Amino acid sequence: MRNLVKEIITGRWLKKMSNLTVNTKEKFSIQQIAAIGVMTAVICVLAPFSLPIGPVPISLTNLAIYFALYMLGVKRGTISYLVYLRIGLVGVPVFSGFTSGPGKLFGPPGGYLIGFIPMAIIAGMVIDRKINNRLLCFIGMIIGTVVCYAFGTACLAYEAHMDLLAALMAGVIPFIPGDLIKMVLAMILGPQIRNRLIHANLF
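Values in this document were obtained by computation on a predicted structure and should not be read as measured data. (Residues numbered from 1 in each chain as written. Predicted model: local features only at pLDDT ≥ 70, side-chain atom pairs only at ≥ 80, totals over all residues. Heavy atoms only, no water.)

Student: Would you mind going over the overall build of the protein chain with me for this structure?
Tutor: Across its full length, the protein chain carries nine helices and two strands. When the helices and strands of the protein chain are read in sequence order from the N terminus, they spell out α-α-α-β-β-α-α-α-α-α-α. Every one of the 203 residues in the protein chain was classed for burial, and the buried ones make up 47%. Counting contacts in the protein chain only where the partners sit at least 6 residues apart, residues at least 24 apart contribute 71% of the total. Accessible surface for the protein chain amounts to roughly 9,800 Å². Of this, 70% is attributable to carbon and sulfur atoms. (Helix = DSSP H or I, 4+ residues; strand = E, 2+ residues; numbered from the N terminus. Buried < 20%, exposed > 50% of the residue type's maximum accessible area, 1.4 Å probe, protein only. Contact = heavy atoms within 4.5 Å. Areas by Shrake-Rupley, 256 points an atom, 1.4 Å probe, with all protein chains shown as cover.)

Structure, rendered in structure tokens:
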């Protein structure tokens, strides 16, 4: 975990993930770069607002990521989250509760911040391929979120010295209803916004 944090802080992780999600021959247009910047800003605005209910707060980070995936696709959507993550790690208070810094990844919520990366890739791949199939997109978001839960639960159990059941009760079970609502909102509104971006030549 600590080696992963160092890679994120130094930018090596961002480069690795960019190589995985972006064709090296693909060049983004000015409009697409601007769209990534806008969605990064949206994540930065929404993510800090949170409701502390325990060691892991309820936040809007995953909702912002879902919308980024619908609006930008898996490549640019994942990059927008990685840029957001880097912004928070260098000290800008954009994490939940208006916090920042690498220490956030060493705390109980750290696994969720890292887990959002595979969540974005898994859900984004399904959304890209099955944008008009709401059920499959919903399933893709569920699978991606389960992977995020796995990262988060493992980190929470380790950092807070909890057993697996206690970590699930503190970091997963209370969040399921709200996360399902966020997925439904993204599933309904996301395609509409994406179509508008396509018509505006931003996608």
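Student: What am I meant to see in empty space enclosed by the protein here?
Tutor: To locate leftover empty space, one rolls a probe as large as a water molecule over the atoms. Applying the stated criterion across every chain, the model contains two cavities of 30 Å³ or more. Of the voids in this model, the largest cavity is the one considered here, and its volume is about 270 Å³. What lines the largest cavity is a set of 21 residues, and nearest its centre among them are V56, P57, S59, Y112 and F116. Residue assignment for the lining of the largest cavity shows that the elements contributing at least two residues are β2 (58–59), α4 (61–89), α6 (110–129), α7 (134–159) and α9 (176–199). When its residues are assigned to classes, the lining of the largest cavity shows twelve nonpolar, six polar and three charged. (1 Å grid on protein atoms, 1.4 Å probe; cavity = no way out; pocket = protein on both sides within 12 Å on 5 of 7 lines; lining within 4 Å. Points joined across faces, edges and corners; volume = space filled by probe spheres on them. Nonpolar A, V, L, I, M, F, W, Y, C, P; charged D, E, K, R; others polar.)

Student: What is the right way to look at the pattern of salt bridges in this model?
Tutor: Oppositely charged side chains are able to pair whenever their charged atoms sit close together. Within the structure shown, the criterion is met by two salt bridges. Two residues, R194 and D128, come together in a salt bridge whose shortest N-O distance is 3.5 Å. With R194 in helix α9 and D128 in helix α6, this residue pair connects regions lying 66 residues apart in the sequence. (Salt bridge = Lys/Arg side-chain N within 4 Å of Asp/Glu carboxyl O.)

Student: Would you take a moment to explain unusual backbone geometry for this structure?
Tutor: Of all residues except glycine, most have a negative phi; of all peptide bonds, most are trans. The phi dihedral of F98 is positive, around 55°, even though this residue is not glycine. Looking at the secondary structure, you find F98 in the loop between α4 and α5 (103–106). Unusually for a residue other than glycine, H161 sits at a positive phi of about 55°. Tracing the backbone shows H161 in the loop between α7 and α8 (164–171). In this structure H161 comes out as exposed when scored by relative accessible area, which is 73%.

Student: Would you mind showing me how to read α8 here?
Tutor: Note on helix geometry: an α-helix contains 3.6 residues per turn, so any two residues three or four positions apart are oriented the same way. Taken together, the buried positions of α8 are occupied by A167, A170 and G171. One side of α8 holds all its buried residues, which, seen down the axis, span an arc of 75°. For α8, the elements touching its buried residues are α6 and α7. Two or three places before L165, at the opening of α8, D163 has a side-chain oxygen 3.3 Å from that residue's backbone nitrogen. (Arc of directions from axis to C-beta. Polar contact = N/O pair within 3.5 Å; in protein donor to acceptor, adjacent residues only side chain to side chain.)

Keep in mind that these numbers describe shape and distance, not what the molecule does.
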